[in-house]
Amino acid sequence: MKNSLKEIATGFNSLITGMRITIGQFFKPTVTVQYPHESLKMPDRFRGHIELVRDPETGKALCFACKLCERACPSDCITVEGAKLDGAKKKSVTQYVLDFTKCSLCGSCVEACRDGAIRYSHAYNLASTKKEDYVMDLFKRLEDERLAAEARGEIIPTPAPVVAQASPPASSAGIAPAAAAPVAQTAPPTAEAPKVDQPKPVTPVQPN
Amino acid sequence: MQALQHLISSGWPEPLRLILFLVGILAFVGLNAAYLVWVERKGAARFQRRPGPTEVGYAGLLQPIADAAKLMSKQLIVPAGVDATLFRVAPLLMMSPALMSLAVIPWSQNLAARSVNVGLLMVFAFGSINVMAVMLGGWSSRNKYAIISAARVVSQNVAYEIPMLLVVITMIMVTGTMNLSEIVTQQAGAFWHWNFFRVWVNPLMPVTFLIFFICMLAETNRAPFDMAEAESELVAGAYTEYSGMGFGVFFMAEYANILLGCALATVLFLGGWQSPVGSLLGNPQGVLGNLLGIFWFFVKMYFLVFSVVWIRWTFPRTQFYGLLNLSWKILIPVSLVTLLLSSVMIKLFHQ
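Note that the coordinates shown come from a computational prediction; the quantities given were computed from them, not determined experimentally.

S.K.: Teacher, can you tell me more about the sheet that holds strand β2 (residues 78-83) of chain A here?
M.R.: What links the strands of a sheet is backbone hydrogen bonding, and the strands pair in either a parallel or an antiparallel sense. Residues and elements named next belong to chain A. Strand order in the open sheet formed by three strands is β2-β3-β5, and the pairing between neighbours is antiparallel. Because the sheet does not close on itself, it has two edges, and the strands there are β2 and β5 (135-137). Neighbouring strand axes in the sheet, compared pairwise and without regard to direction, differ in orientation by 15° on average. Alignment of β2 against strand β3 (residues 92-99), held across six bridges, turns out to be antiparallel. Across the sheet, residue I78 finds its bridge partner in β3, namely L98.

In structure tokens:
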């Protein structure tokens, strides 16, 4: 009798405790990311496909078509073309085609680059129904972005959005853009530098 | 407004009254069944810190309508070899007792379809049909899962009918009537007049309410006692073979029964349409009084409905022996004790 009463009491107590916990959760904010409407900001060290780094002074690509990355690529997915412009000391890149269908994201190209002219992008919503969408000219994309920014009356080199892959225009190697609005989220700490031998971009990188 | 007031005070012409309440209750139950699904889904989501349905309409408010349209457009498959008549009748048999029982619920001062003298008896007489509906549905489906589930449901409902009726007998002894309107009228005044707090008649009154509530959960086959539709064990239990609106009606009936159970708990224990603050807000009569009555009734009833959802998403499904142990070893002895205690108290102090 005593034991069974005790059992009832403890059982009832545990039920009440359970219900208290669930009602506590009920009034807390939700944690779901409503994916097609909003998506998470990728961490700084996310290794997406590569992208060209902009020279913070001129706003042009840092790359001068030395083709080290092309040679380092084990899958032959990079094709770089460069030309020496009039009056320039170095060559500058004119075409930088990345065939993302072949790329295995090994990062050898970034490692091979001596001048930090390429880096990992934060693009990850890379869904498309067409194979051609994955053969992208990174140089053309960079230039298009610059031109678009100038058309809006912004100067791209300084200050903020240096290389943002924010919703590429349809004309550039179109990656089906998932309508992505960045969720307010604190970025993970970026204290330790990436292992790759490359200067870290100083400017904040915009999420996709 | 004036005409309405006149109608209410002078009593309604009989055919009008019939149609009005029929349509009213049907619409009410239909809407509730649809939107309790929404409440359930939203509640479930919030308990798990998800937002729940958001896409169809504002906050997913049109989701039930979309679901209903989908269910209605589906074919009602009657599998080969089933008892077609029973198979088709079972969902209706589940739905109709709930609809009929709602006729005696006093929603407000003058708002009850029928103020039957043996209202409480009627509700429980109809309430036991519901077991048969699940049984028939499971049996006629010609499906192993459905039959196992039906057998479990019957033994569960029989086990829980006993403490529930013992509690109801206690309440009948305390109130001295089976007329639900009468029971509510007795609880007039502020909340300490409610049967829930009438500890001078029976010190175990809150326990009685708890037993009633637990039995109500079990009788309506709600989690943690949802043996009828134990998805993880028996596919969809007794409803396995049902498709389209056949399943939809079972689903609606579940919510209609929850609604009825909560309404009954409100009437029996929580003072029905009586205001919890007594006549603090005045004591309006007529249309205003009725509206206020409906308001308080709904507040109490939907709080209980919310608790049902809350319980569902808190506790895992009981095992079958645990379920029967709870009924036979705890609920029935305790409800017998409350019955005895209140009869002794009434005999000694409240003659």
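Next comes the rest of the account.
S.K.: Just checking my understanding: could you explain helix α4 (residues 84-101) of chain B for this structure?
M.R.: Residues separated by three or four positions in an α-helix point in the same direction, a consequence of the helix having 3.6 residues per turn. All names here are of chain B. An ideal rise of 1.5 Å per residue puts 26 Å on 18 residues; α4 measures up with 27 Å between its terminal C-alpha atoms. A bend of about 30° at A90 is the largest found in α4, and the proline P91 appears one to four places after it. Those residues of α4 not exposed but buried are F87, A90, P91, L93, M94, M95, P97, A98 and S101. Looking at the buried positions of α4, the neighbouring elements they touch are α2 (14-47), α5 (119-127), α6 (129-140) and α11 (244-269).

S.K.: Teacher, can you tell me more about the environment of B:F196 here?
M.R.: Residue and element names in this part refer to chain B. With respect to the helices and strands, F196 occurs in the loop between α8 (180-186) and α9 (205-219). For the pair F196 and F209, spaced 13 residues apart in sequence, the C-alpha to C-alpha distance is 6.6 Å. Dropping the residues within four chain positions of it, F196 is found in contact with M205, P206, F209, F269 and L270.

S.K.: Sorry, what's going on with the interface of chain A and chain B here?
M.R.: Facing the eleven residues of chain A at the interface are ten residues of chain B. Here the side of chain A that touches chain B is composed, by residue class, of five nonpolar, five polar and one charged.

S.K.: Where do I start with the packing of α4(B) against α6(B) in this structure?
M.R.: When two helices pack together, their arrangement is given by the angle between their axes and by how far apart the axes lie. Residue and element names in this part refer to chain B. Two elements in contact, α4 and α6, have axes whose closest approach is 8 Å; the angle formed by their N-to-C orientations is 160°. By the angle between their axes, α4 is roughly antiparallel relative to α6. Here the hand of the crossing between α4 and α6 comes out left-handed. In this structure, α4 uses L86, F87, V89, A90, P91, L93, M94 and P97 to contact α6, whose residues at the interface are I129, N130, M132, A133, V134, L136, G137 and S140. Its residues placed into classes, the contact of α4 with α6 shows 13 nonpolar, three polar and no charged.

What counts, and at which threshold
- Residues numbered from 1 in each chain as written.
- Chains lettered and ligands numbered in written order.
- Predicted model: local features only at pLDDT ≥ 70, side-chain atom pairs only at ≥ 80, totals over all residues.
- Pairing = 2+ DSSP bridges.
- Helix = DSSP H or I, 4+ residues; strand = E, 2+ residues; numbered from the N terminus.
- Axes fitted to C-alpha atoms, helices over the stretch in contact; angles between N-to-C directions.
- Expected span 1.5 Å × (residues − 1).
- Bend = angle between axes of the 7 residues up to and from the residue.
- Buried ≥ 20, exposed ≤ 12 C-beta atoms within 10 Å, placed from the backbone.
- Contact = placed C-beta atoms within 7 Å.
- Nonpolar A, V, L, I, M, F, W, Y, C, P; charged D, E, K, R; others polar.
- Parallel < 35°, antiparallel > 145°, perpendicular 65-115°, else oblique.
- Left-handed = near helix turned anticlockwise from the far one by under 90°.

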